[in-house]
Amino acid sequence: MKRKWQGAAVALSATMVFAGMGGTALAASPGSSPASATAAKVEAKLPAQAQKIVTALEQLEPWVKAMTEREIDVLDADQGYVYLDMYDPKNTNVSASLTFDSKTGELISFESSVTAKTEKDSAVPSDKEILQKAMTSLVTLLGEAKLKGLGSPVLSVLVPDSEEAEQVEAGGTRNRVFYPFLVNGLQVNEGKYGIEVNTDEAGHLVALNVYRLDLTGIKVPDPKSALTPEAVKKQYFIPDRLDLGYMQEGKDGKPGLQYTLRVSPMIDATTGTQIDPTRGTTIDQGKRSKATIKNITLALPAKPLTAKSKAEAEKAVISLFGIDTKKEYIYPEEVAGDYDHTYTWFNEDQDYASVTFENETGNLIASQFFAWSEQKPAPLKKEEALTKAVGFLEQVAPESSASLQVEILEPYKEAPLADWMLELLDGEEPEPEPGLYYAFLFSEMHKGLPILDRYHWILVNSEDGKVAQYSTTLPMKKVDFPDEKPAVSEQQAAEIIAKQLPLKQSYLWTNFYGIPAPSLSLVYTVDNSKGWPYVDAAKGSIEWIEDEE
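Here goes a summary of the coordinates provided. Predicted model, so just to flag it, every value in this text is computed and none were measured.

## Brief notes about the environment of Gly256
Mapped onto the elements, Gly256 comes out in strand 11 (residues 256-261). Between the C-alpha atoms of Gly256 and Phe481, which are 225 residues apart in sequence, the distance is 6.7 Å. Here Gly256 is in contact with Gly245, Tyr246, Met247, Pro482 and Glu484, once residues within four sequence places are set aside.

## Observations regarding empty space enclosed by the protein
Think of a ball as big as a water molecule: rolled over the atoms, this probe shows where empty space is left. Evaluated as defined, the whole model comprises two cavities of 30 Å³ or more. Within this model, the second largest cavity holds a volume of roughly 30 Å³. Along the walls of the second largest cavity sit Asn363, Leu364, Val396, Pro398, His456, Tyr470, Thr472, Leu474 and Pro475, which together make up its complete lining. Considering only residue class, the lining of the second largest cavity consists of six nonpolar, three polar and no charged.

## What to know about the side chain of Thr325
Mapped onto the elements of the fold, Thr325 is located in the loop between helix 5 (310-321) and strand 14 (331-336). The exposure class of Thr325 is buried, given its relative accessible area of 8%. Beyond its immediate sequence surroundings of up to four residues, Thr325 is in contact with Glu314, Val317, Ile318, Ile330 and Trp345.

## Regarding the environment of Lys192
Following the sequence through the fold, Lys192 ends up in the loop between strand 7 (174-180) and strand 8 (194-199). The class of Lys192 is partly exposed, set by a relative accessible area of 48%. As a C-alpha pair, Lys192 and Pro180 span 12 residues in sequence and 7.5 Å in three-dimensional space.

## Describing the packing of aromatic side chains
Counted according to the given criterion, the structure contains 13 aromatic pairs. When the ring of Tyr81 is compared with that of Tyr83, the centres are 6.4 Å apart and the planes differ by 20 degrees; the resulting orientation is stacked. For Tyr81, a relative accessible area of 32% corresponds to the partly exposed category. Overall, Tyr83 belongs to the buried group, its relative accessible area being 16%. Their ring planes at 80 degrees and their centres at 5.1 Å tell us that Phe370 and Trp372 sit as a pair that is edge-to-face. What makes Trp372 exposed here is its relative accessible area of 66%. Three or more aromatic residues link up through ring pairs in this structure, and these residues are Phe321, Phe369, Phe392 and Tyr470. For Lys466, the ring lying beneath its charged end belongs to Phe369, and the centroid distance is 5.7 Å.

Rules used in this analysis
Each chain has its residues counted from 1, following the order in which its sequence is written. pLDDT decides what is reported in this predicted model: residues at 70 or higher carry local features, side-chain atom pairs at 80 or more are listed and counted, and totals for whole chains, interfaces and linings draw on all residues regardless. As a rule here, side-chain values cover all heavy atoms of the structure and leave hydrogens and water aside. Put simply, DSSP marks the helices as runs of H or I at least four residues long and the strands as runs of E at least two long, and each gets a number from the N terminus on. We call two residues contacting when some pair of their heavy atoms lies within 4.5 Å. In the cavity and pocket records, a cavity denotes points on a 1 Å grid over the protein atoms alone where a 1.4 Å probe fits but cannot get out, a pocket denotes an open set with protein on both sides within 12 Å along at least 5 of 7 lines, and lining residues are residues with an atom within 4 Å of a point. Grid points are joined across faces, edges and corners, and a volume is the space filled by probe spheres set on the points. Polarity classes work like this: nonpolar for Ala, Val, Leu, Ile, Met, Phe, Trp, Tyr, Cys and Pro, charged for Asp, Glu, Lys and Arg, and polar for all others, with Gly in that last group. To sort residues, take the accessible area from a 1.4 Å probe on protein chains only and compare it with the maximum for the residue type: under 20% means buried, over 50% means exposed, and anything in between is partly exposed. In summary, the pairing rule links any two rings of Phe, Tyr or Trp, Trp by its six-membered ring, whose centres are within 6.5 Å, and it sorts them by plane angle into stacked for under 30 degrees, edge-to-face for over 60 and tilted for everything else. Both a distance and an angle decide whether a charge sits over a ring: NZ of Lys or CZ of Arg must be within 6 Å of the ring centre and within 35 degrees of the ring normal.

Rendered as structure tokens:
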């Protein structure tokens, strides 16, 4: 679920480079082995079980038979994989790929770049029919024995404009059914391991992926060793982990006053302490500190900086970041969307400045700036970074943001390494790098309280003083907030959370540079199956905002 008001985070991405794989082309059945494979001294042949699965797939989905051009790749057989690529010689847009275990021939994945829906498919299948087709596909291609230990299926829909559906090349809606693998009745890594089945709008199988879980030699703690959820909630959910504020788009899209969790924690089920989900070590994040929260007033110009053209966007990046788009940042790029327009300028070192403006108003809604820089002897102090953030905001904020509450967050630092991770480094923990970015959350206010879903999020680079990232939920329409007063105190709200908030238990399995942890960890997380929980401050009851599809 996407929650505008649940805080913001920055992710620094690295470029991934994938190497291509060679293969042997086949014009007939996938089991054949042409002379070209012999010449290359590679026996291009599928395992017997894999051949049976291909035949079963053709019977399950007859459209697969049209892909008569087939290529087998056995170059990764020593690593446990054999690949089969299939193409329709009459339609270059139709293709599929299958991955098999090189020893057993079991199916690991099936992906197609086509929607198999035809003119004969007039009826839209029901949820029950989709689940039945998913189960039929699993039994047919994997066998009933492989389905033991699976949890209840979860059905969702992928649409072409959603992040999850970017790989749906031919467009069209896809139905996603996920069956999690269970260990002692619990999921591992929030359902990362399991079997995923995709069908198209008509219910045809178009993808199947097995995310395998191998716990050979891995210690698995007994769920009975966990503390009770009640004990954990009483220990963790204290007033400082809640925010009181207004929500413009609250439950059923209506404004209201509420106490909301500052973060969605992962809690060690055996100790009750918050842990880092990537390293499994103890952390303490999400507490509110009055010392880091203050009210400010912006000196806004008569009109904020806006852009509805490339020329105006170019003036904006020069004003916001001080770059030279004529001599240095000379490689422009733009991406037009239905809602917004993004302009980016690069230099030869791949440094870049990017700005995104809303189409209707021309308001800046997001920006990014990155440049390789050497750390200065005296990086910016917190108040200096705040001055930089305010200066940036005063150029782009709308009139409604004249008075704001700002929360100053400490630069992010990585969680400590687990003991087993240190052993891999011969017991020498690397020197922690100083936090590079100061984060600031500016919230608009109503009657002295923040409006939790009307905010500006800014990251300031402490080395060069540039605003590395900016995002906002504005502009939003004006609404009348209810004249409400809290019926419960912070302490009472925390007690309501501790008594009524459901937690779910699962296993966490971390890894370090690709090496898995020697044991699983029992953890508790917030059960958001009903939506995102909060305490209605006027009623004093726990409520849920339903997930946004």
